[in-house]
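Next come the chains, spelled out residue by residue.
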Amino acid sequence: MPSRIKMRHLEAVIALAEEMHYGRAAKRVGLTQSGLSRCIQSAEREANSSLFERNRSGIELTDAGRCYVEHARISVAHGERAMRSANETRGGADSVLQIGKAPDVDPALVDILYSIRLPLFPALDITVQSESSSDLAHDLLSTDLDLALITDPTRNAKLTMTKLSETPLHVVLPSDHILSSKVSLKLTDLRDERWIVFQKRTHPVLYERIMKRTQDAGFHPRSIDHILYPDEAEHLLLATRRVALLTKANALKLAGERLVAKPLDEELLCLDEWLAARAENTSRLVSEFVRAFVTRSKTVLQPPQMSLPIGAGASIRYSTS
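Residues numbered from 1 in each chain as written. Predicted model: local features only at pLDDT ≥ 70, side-chain atom pairs only at ≥ 80, totals over all residues. Heavy atoms only, no water.

## Things to note about the packing of aromatic side chains
In this description, an aromatic ring pair is defined by two values, namely the gap between the centres and the angle between the planes.
Thought 1: Taken as a whole, this structure holds two aromatic pairs when the rule is applied.
Thought 2: Measuring from centroid to centroid gives 6.4 Å for F289 and F293, while their planes differ by 25°, and the two rings are stacked. Of this pair, F289 and F293 both sit in helix α10 (residues 284–306), separated by four residues, roughly a single helical turn.
Thought 3: By relative accessible area, F289 is classed as buried at 0%. (Phe/Tyr/Trp six-rings, centres within 6.5 Å; stacked < 30°, edge-to-face > 60°. Helix = DSSP H or I, 4+ residues; strand = E, 2+ residues; numbered from the N terminus. Buried < 20%, exposed > 50% of the residue type's maximum accessible area, 1.4 Å probe, protein only.)

And the structure:
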């Protein structure tokens, strides 16, 4: 019974912190306002700290309250995850991993996810969801995910990250373009072309790198069309004879009979791809999966990367934060 009461206290504090209104918070957790107040008071006694400041203008979190809410969200998420895992196990899978991926992750890495077989977990089941790298980091910390394939992540001491590869950007161009016969391209090969690139808000880091690299090379493209989604590039490429600078994952989706994709031989214009997990996660299943994934990625990714001019900088390295 004490554990159940404590969970209700956590939920009450989270609700009040997010609603900042006793009536709405009470309705959200299914309590009367007086019941919510008692939960908050009990939580403050347990924490031996005031979690909220009450004044004429309303309520606000104290420093202790902000810290409490951060950990309370994680605790509640752990409880919800435990129930999901139990239901999934009852459904036939002995072990379940929730894995996220950024949309621009090399497709070869996604293929590896589904190829992993663990002798210690023969009935392993994985689910994969696609989100932005920043959302993936949040979902890892909130325990909604066990692992994530992240591109160019912001370093976070609460995450353990293993670098898998440096994947070059790709240039997509019409198959009859004069540059289509080249194995790879340099940015200077494109100085006289009309470019298609993602909007800055879609890929801010990549956009800044591309613009800086052209500036350092002493030229500016003839024109630049900005797109929000990769499929917008297809019509422009075929109708206006432009070239598109895209991530490998997006470039390969467009490549076919009429369009070709060529790696961009620019070491500074690569996507760093990482496998991330919570630093506090001591699960043997996660550990075994990471070990198998990294081993497999060496075999799949390293040989083709070493054959490219930029391969020396693309070898697999390990890094934790």
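## Details of the side chain of E273
Thought 1: Along the chain, E273 falls in strand β12 (residues 270–278).
Thought 2: For E273, which is buried and forms no salt bridge, the nearest opposite charge comes from K248, at a distance of 7.3 Å.
Thought 3: A polar contact of 2.7 Å, which involves the side chain of E273, links it to the backbone nitrogen of D106.
Thought 4: Apart from residues lying up to four places away in sequence, E273 is in contact with D104, V105, D106, L109, I150, T151, T162, K163, L164, S165 and T167. (Lys, Arg positive; Asp, Glu negative; His and termini not counted. Salt bridge = Lys/Arg side-chain N within 4 Å of Asp/Glu carboxyl O. Polar contact = N/O pair within 3.5 Å; in protein donor to acceptor, adjacent residues only side chain to side chain. Contact = heavy atoms within 4.5 Å.)

## Looking at the sheet that holds strand β10 (residues 243–246)
Thought 1: The strand order β9-β8-β10-β7-β11 describes an open sheet built from five strands, whose pairing is mixed. In the strand order of this sheet, the two ends are held by β9 (223–227) and β11 (259–263), each with one partner. Strand-to-strand, the axes of this sheet are offset by a mean angle of 25°, without reference to chain direction.
Thought 2: Across the face of the sheet, helix α7 (residues 204–216) comes into contact with β8 (194–198), β9 and β10 while running at roughly 150° to β8.
Thought 3: The strands touched by helix α8 (residues 232–240) are β7 (170–174), β8, β9, β10 and β11; relative to β9, the strand with the most contacts, the crossing angle is about 150°. (Pairing = 2+ DSSP bridges. Axes fitted to C-alpha atoms, helices over the stretch in contact; angles between N-to-C directions.)

## With respect to the environment of V300
Thought 1: Relative to the assigned elements, V300 resides in helix α10.
Thought 2: The sequence separation of V300 and I112 amounts to 188 residues, and the corresponding C-alpha distance is 8.4 Å.
Thought 3: Here V300 is in contact with A108 and I112, once residues within four sequence places are set aside.

## A word on the environment of D189
Thought 1: Within the secondary structure, D189 sits in the loop between β7 and β8.
Thought 2: Of the residues examined, D189 reaches a relative accessible area of 26% and is grouped as partly exposed.
Thought 3: Remark: the alpha-carbon pair of D189 and L264, spanning 75 residues in sequence, is separated by 9.9 Å.

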